[in-house]
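# Working through the structure, step by step
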Amino acid sequence: MKVCHLTSVHSRNDTRIFVKECSSLSKAGFDTSLIVSDGLGNEQSNGVHILDVGKCSGGRFNRFTVATKKVYNKALEIDAD
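As a further point, take the overall build of the protein chain. If you tally the helices and strands in the protein chain, you get two helices and four strands. For the protein chain, the N- to C-terminal ordering of α and β elements is β-α-β-β-β-α. Taking 81 residues into account, the globule formula puts the C-alpha radius of gyration at 12 Å, and the protein chain, at 12 Å, falls close to it. C-alpha atoms of the protein chain, sized along the principal axes, occupy 40 × 25 × 20 Å. Total accessible area on the protein chain is roughly 5100 Å²; 52% of this is exposed by carbon and sulfur atoms. Here the protein chain contributes 11 positively and 9 negatively charged side chains, and the mean placements of these two sets differ by 8 Å.

This part takes up the sheet that holds strand E3 (residues 43-45). Read from one edge of the open sheet, four strands run E1-E2-E4-E3, paired in mixed fashion. The sheet is open, and its two borders are formed by strand E1 (2-6) and E3, each paired with just one other strand. Across the sheet, the axes of successive neighbouring strands diverge by a mean angle of 25°, strand direction being ignored. Inspection of the sheet shows strand E2 (residues 31-36) paired to strand E4 (residues 48-52) by five bridges, in the parallel sense. Within E4, the position partnered with Val 36 by the bridge is Asp 52. Each of E1, E2, E3 and E4 is contacted by helix H1 (residues 15-27), which is oriented at about 150° to E2, the strand it contacts most.

Our focus in this paragraph is the pattern of salt bridges. One pass over the full model with this rule turns up four salt bridges. In this structure, Arg 16 and Asp 14 form a salt bridge, with 3.3 Å as the shortest nitrogen-oxygen distance. According to the relative accessible area criterion, Asp 14 is buried, its value standing at 13%. As a salt-bridge pair, Glu 77 and Lys 74 come within 3.4 Å of each other at their nearest N and O atoms.

Because an α-helix packs 3.6 residues into every turn, residues spaced three or four apart end up facing the same way. Here H1 spans only 16 Å end to end across 13 residues, well under the 18 Å set by a 1.5 Å rise per residue. For H1, the full list of buried residues reads Ile 17, Phe 18, Cys 22, Ser 23 and Ser 26. Considered in projection along H1, the buried side chains sweep an arc of 125° and stay on one side of the axis. Residues of H1 that are exposed and point over 90 degrees away from its buried face: Arg 16, Lys 20 and Lys 27. Its buried side turned inward, H1 meets E1, E2, E3 and E4. Put simply, Asp 14 is the residue that caps the front of H1, since its side-chain oxygen is 3.1 Å from the backbone nitrogen of Arg 16.

About the criteria used
Residues numbered from 1 in each chain as written. Predicted model: local features only at pLDDT ≥ 70, side-chain atom pairs only at ≥ 80, totals over all residues. Heavy atoms only, no water. Helix = DSSP H or I, 4+ residues; strand = E, 2+ residues; numbered from the N terminus. Rg over C-alpha atoms; globule rule 2.2 N^0.38 Å. Areas by Shrake-Rupley, 256 points an atom, 1.4 Å probe, with all protein chains shown as cover. Lys, Arg positive; Asp, Glu negative; His and termini not counted. Charge placed at Lys NZ, Arg CZ, Asp CG, Glu CD. Pairing = 2+ DSSP bridges. Axes fitted to C-alpha atoms, helices over the stretch in contact; angles between N-to-C directions. Contact = heavy atoms within 4.5 Å. Salt bridge = Lys/Arg side-chain N within 4 Å of Asp/Glu carboxyl O. Buried < 20%, exposed > 50% of the residue type's maximum accessible area, 1.4 Å probe, protein only. Expected span 1.5 Å × (residues − 1). Arc of directions from axis to C-beta. Polar contact = N/O pair within 3.5 Å; in protein donor to acceptor, adjacent residues only side chain to side chain.

Without other data, these values stay purely geometric and don't point to any function.
If you want it as structure tokens, here you go:
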């Protein structure tokens, strides 16, 4: 089963999201992806595919609109369960 967590606000290493949720799901055997918008590039850590859609400049409003749309579109590409 493919699981995907989306965030345009939190850092890729956020304890609640990355460690407690995504890493735990990966250890339980789920194909887990975390989509972020931080501009640090794609990577794999603790069995979690971290996919970066790029940092969105322009403040909170752009993060709320532009970054959220980019994160959502990447999630559609992944086609998680």
